[in-house]
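# Coordinates in review
The chain contents come next:
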Amino acid sequence: MELKFKIYIAIIVFLTGFLIYAVFFMKSDFIQTKSLPSTIAGKKVTVGDKNITTYKPDFLPEPIPEEVLKGAKENEFYYYMFFNPNKRYITYLYNKKSTSPKDSESFHNQIESYIRSDLVAGSYKNTALNDIGIEAYERRILEFNEAANYVPKEGDSKHHKDKMLDKKAEIDAVKRFIRECTKTMCIINPSTNEYVKISKRDINMAKKTLKDYELW
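Residues numbered from 1 in each chain as written. Predicted model: local features only at pLDDT ≥ 70, side-chain atom pairs only at ≥ 80, totals over all residues. Heavy atoms only, no water.

### Remarks on the overall build of the protein chain
Counting secondary structure elements, the protein chain contains seven helices and seven strands. Written out in order from the N terminus, the α and β elements of the protein chain read α-β-α-α-β-β-α-β-β-α-α-β-β-α. When each of the 216 residues of the protein chain is scored for burial, the buried share is 38%. Put simply, 60% of the contacts in the protein chain that link residues at least 6 apart link residues at least 24 apart. Roughly 13700 Å² of accessible area belongs to the protein chain as shown, and the carbon and sulfur atoms make up 56% of that amount. (Helix = DSSP H or I, 4+ residues; strand = E, 2+ residues; numbered from the N terminus. Buried < 20%, exposed > 50% of the residue type's maximum accessible area, 1.4 Å probe, protein only. Contact = heavy atoms within 4.5 Å. Areas by Shrake-Rupley, 256 points an atom, 1.4 Å probe, with all protein chains shown as cover.)

Here it is in C-alpha cells:
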C-alpha cells in the first residue's frame, strides 16, 4: 500500500511539473493576431526565435456588402453560394477552349485539379461560371423575379415603389459583385459573410490564396 501511495505521489508531482513547464517555458509554435482567423494568422516559428513576424496572406478578407447578401436571397444559386455554411465557395469566370489569361479554361482546369488534391481537399466548392452559365443565371433572375423587372407605374403607392426599387437595387448589387469577383477569383465564406479576391488571374497566386484559406 505504501508503494502504491508513493507511485501516486510521484505521478502527481510529475504532472504538476509538466504543467508548470508547459505554461511558463513552452512557447506556442503559432503567433496569431486578432484581426485574422487563427487558421490564417499564424506563422510557424522555432521556440526561442527572437525575429518572429506574424504571417499575413497576400489578400485579406473583406465583408460582403449587406445589399449583396440581401440580393443573393432572391436567387436559388446565389443563395446557396452566400448562405450555405458547409463550404467556402470559389467563383471566377472562364470560357471553354479560351486561352486568354482573363478567362482561360486552363486556369479552370488547374483550379479543379488543385482543390481535389490532398492539400486543400474538402475545403472548397467550385462554383466557377463559364460565359454561357453566368448569362443563364442572370437571365433566370430577370425572368422569374418581379423586382428585377420592376418599372414604376402611375398607380403604384410610394411604399410599393420604394420596396420594389430597393429590391431591384439589391439584385443589381449581387450581379455586380459576382461580375467583379469573376474577373479574377473570389473565395466566399458564408460563415463569416466575407470574401477574399485575388488581384489578377494567376494560377500560382490563386493556389497560394486557396492554401492560405483552406481552414478559414
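### Observations concerning the side chain of Ser104
Looking at the element boundaries, Ser104 is found in the loop between β3 (93–94) and α4 (105–115). By relative accessible area, which is 8% here, Ser104 ends up buried. At 3.1 Å, the side chain of Ser104 forms a polar contact with the backbone nitrogen of Phe107. (Polar contact = N/O pair within 3.5 Å; in protein donor to acceptor, adjacent residues only side chain to side chain.)

### Looking at helix α6 (residues 158–181)
Helical periodicity: at 3.6 residues per turn, an α-helix aligns residues three or four positions apart in one direction. For α6, built from 24 residues, the straight-helix expectation of 34 Å at 1.5 Å per residue is met to within 8% by its first-to-last C-alpha distance of 34 Å. Burial in α6 covers these residues: Met164, Glu170, Ile171, Ala173, Val174, Lys175, Phe177, Ile178 and Cys181. (Expected span 1.5 Å × (residues − 1).)

### Remarks on the state of the cysteines
Applying the stated rule across the entire model yields one disulfide. Two residues, Cys181 and Cys186, share a disulfide whose sulfurs are 2.1 Å apart. In this structure, the disulfide formed by Cys181 and Cys186 twists by about -80° around the S-S bond and is classed as left-handed. (Disulfide = S-S within 2.5 Å.)

### Thoughts on the pattern of salt bridges
Scanning the model with the defined rule gives six salt bridges in all. Linking Lys158 and Asp162 is a salt bridge whose minimum nitrogen-to-oxygen distance equals 2.7 Å. Taken together, the residues Lys158 and Asp162, both in helix α6 and four residues apart, mark about one turn of the helix. Among the residues examined, Asp162 registers a relative accessible area of 30% and is labelled partly exposed. Notably, a salt bridge pairs Glu214 with Lys211, separated by 2.5 Å at the nearest N-O pair. With relative accessibility at 15%, the residue Glu214 sits in the buried group. Through salt bridges with shared partners, a single network forms among Asp58, Lys208 and Asp212. (Salt bridge = Lys/Arg side-chain N within 4 Å of Asp/Glu carboxyl O.)

### Brief notes about the sheet that holds strand β1 (residues 62–63)
Ordered in space as β1-β7-β6-β2-β4, the five strands form an open sheet in which the pairing is mixed. The open sheet has two edge strands with one neighbour each: β1 and β4 (124–126). Strand direction decides the pairing type here: strand β6 (residues 186–189) and strand β7 (residues 194–197), joined by four bridges, are antiparallel. What sits directly across from Ile187, in β7, is Val196. Relative to β7, α6 is tilted by about 35°, and along the sheet it contacts β2 (88–91), β6 and β7. (Pairing = 2+ DSSP bridges. Axes fitted to C-alpha atoms, helices over the stretch in contact; angles between N-to-C directions.)

### Things to note about the confidence of the model for the protein chain
Averaged over every residue, the pLDDT of the protein chain is 76; residues scoring 70 or more account for 63%. Across the protein chain, element-level confidence peaks in β7 with a mean pLDDT of 95 and bottoms out in helix α1 (residues 2–24) with 53. Every residue in residues 18–34 scores below 50 in pLDDT, and together they form 21 contacts with partners more than four places removed in sequence or on other chains. (pLDDT = per-residue confidence, 0-100.)

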